[in-house]
Amino acid sequence: MSPKTLTRMDLSEAVFQEVGLSRNESAQLVEAVLDHMSDALVAGETVKISSFGTFGVRDKAARVGRNPKTGEEVPIHPRRVLTFRPSHLMKDRVAAGNKS
């Protein structure tokens, strides 16, 4: 696997190349989409992108954890966590990429 990371700048550059908007408009479009997705997740909504996957927020209850080094019990507070479930098409595409 390559160590390359896809960034916001990479996404806006791809929009610039594919759609033909200016670089500034492409960056604004990417920002607007990411902001809209973030706002929906903060509000507890599910974000589903067809053929890609589903982002969601899950509430985790409080529980007692254990420090693996000392064995000491530590309370873990309730929290909200972000989840991602890839679509079957995305899973298949990633799996096919591993074969080459």
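Residues numbered from 1 in each chain as written. Predicted model: local features only at pLDDT ≥ 70, side-chain atom pairs only at ≥ 80, totals over all residues. Heavy atoms only, no water.

### A closer look at helix H3 (residues 88-99)
Thought 1: Its 12 residues place the ends of H3 17 Å apart at the C-alpha level, agreeing with the 16 Å of an ideal helix rising 1.5 Å per residue.
Thought 2: Counting buried positions along H3 gives 1 out of 12 residues, so the element sits mostly on the surface. (Helix = DSSP H or I, 4+ residues; strand = E, 2+ residues; numbered from the N terminus. Expected span 1.5 Å × (residues − 1). Buried < 20%, exposed > 50% of the residue type's maximum accessible area, 1.4 Å probe, protein only.)

### Some remarks on the sheet that holds strand E1 (residues 47-49)
Thought 1: Across the sheet, 3 strands lie side by side as E1-E2-E5; this open sheet has antiparallel pairing. For this open sheet the edge positions go to E1 and strand E5 (79-86), each flanked by a neighbour on one side alone. Each strand axis lies, on average, 25° off the axis of its neighbour in the sheet, ignoring direction.
Thought 2: Relative to E5, strand E2 (residues 53-60) runs antiparallel, the two sharing 8 bridges. If you follow Thr54 over to E5, its bridge partner there is Arg85. (Pairing = 2+ DSSP bridges. Axes fitted to C-alpha atoms, helices over the stretch in contact; angles between N-to-C directions.)

### Focus on helix H2 (residues 23-42)
Thought 1: The end-to-end C-alpha distance of H2, which contains 20 residues, comes to 28 Å, matching closely the 28 Å that a straight helix rising 1.5 Å per residue would cover.
Thought 2: Taken together, the buried positions of H2 are occupied by Ser26, Val30, Met37, Ala40 and Leu41. All buried residues of H2 project into a common sector of 110° when viewed along the axis, lining one side. Turned more than 90 degrees from where H2 packs its buried face, Asn24, His36, Asp39 and Val42 sit exposed.
Thought 3: Contacts from the buried residues of H2 go to helix H1 (8-19), E1, E2 and E5.
Thought 4: Gly44 sits one or two positions beyond H2 and adopts a positive phi of about 90°. (Arc of directions from axis to C-beta. Contact = heavy atoms within 4.5 Å.)

### A few points about the pairing of strand E4 (residues 73-76)
Thought 1: In the sheet, strand E3 (residues 63-66) pairs with E4 via 4 bridges, with the strands oriented antiparallel. Looking across to E4, one finds that Arg63 is bridged to Ile76.
Thought 2: As consecutive antiparallel partners, E3 and E4 are separated by 6 residues, and within that stretch Gly71 has a phi angle of approximately 80°, a positive value.

### Quick look at the nonpolar core
Thought 1: Of all hydrophobic cores here, the largest spans 5 residues; its members are Met37, Ala40, Leu41, Val47 and Phe55.
Thought 2: Take this core: its biggest share by element is 3 residues, from H2.
Thought 3: Those residues in contact with Val47 that sit more than four places away from it in its chain are Met37, Ala40, Leu41, Gly53, Thr54 and Phe55. (Core = buried A, V, L, I, M, F, W, Y, C linked by side-chain atoms within 4.5 Å.)

### Thoughts on the confidence of the model for the chain
Thought 1: Across the chain, the average pLDDT comes to 93, with 97% of residues at 70 or higher.
Thought 2: At the low end of the mean pLDDT range in the chain sits H3, at 88; at the high end sits E1, at 97. (pLDDT = per-residue confidence, 0-100.)

### Re the packing of aromatic side chains
Thought 1: This model, assessed by the stated rule, comprises 3 aromatic pairs.
Thought 2: An angle of 50° between the planes, with centres 5.6 Å apart, marks the rings of Phe52 and Phe84 as tilted. Of this pair, Phe52 sits in the loop between E1 and E2 while Phe84 sits in strand E5, and the two are 32 residues apart along the sequence.
Thought 3: Under the relative-accessibility criterion, Phe52 is labelled partly exposed at 33%.
Thought 4: For Phe84, a relative accessible area of 37% corresponds to the partly exposed category.
Thought 5: A centroid spacing of 4.7 Å and a plane angle of 45° characterise the contact between Phe55 and Phe84, whose relative ring orientation is tilted. Note that Phe55 is positioned in strand E2 and Phe84 in strand E5, a separation of 29 residues in sequence.
Thought 6: Assessed through its relative accessible area of 18%, Phe55 is described here as buried. (Phe/Tyr/Trp six-rings, centres within 6.5 Å; stacked < 30°, edge-to-face > 60°.)

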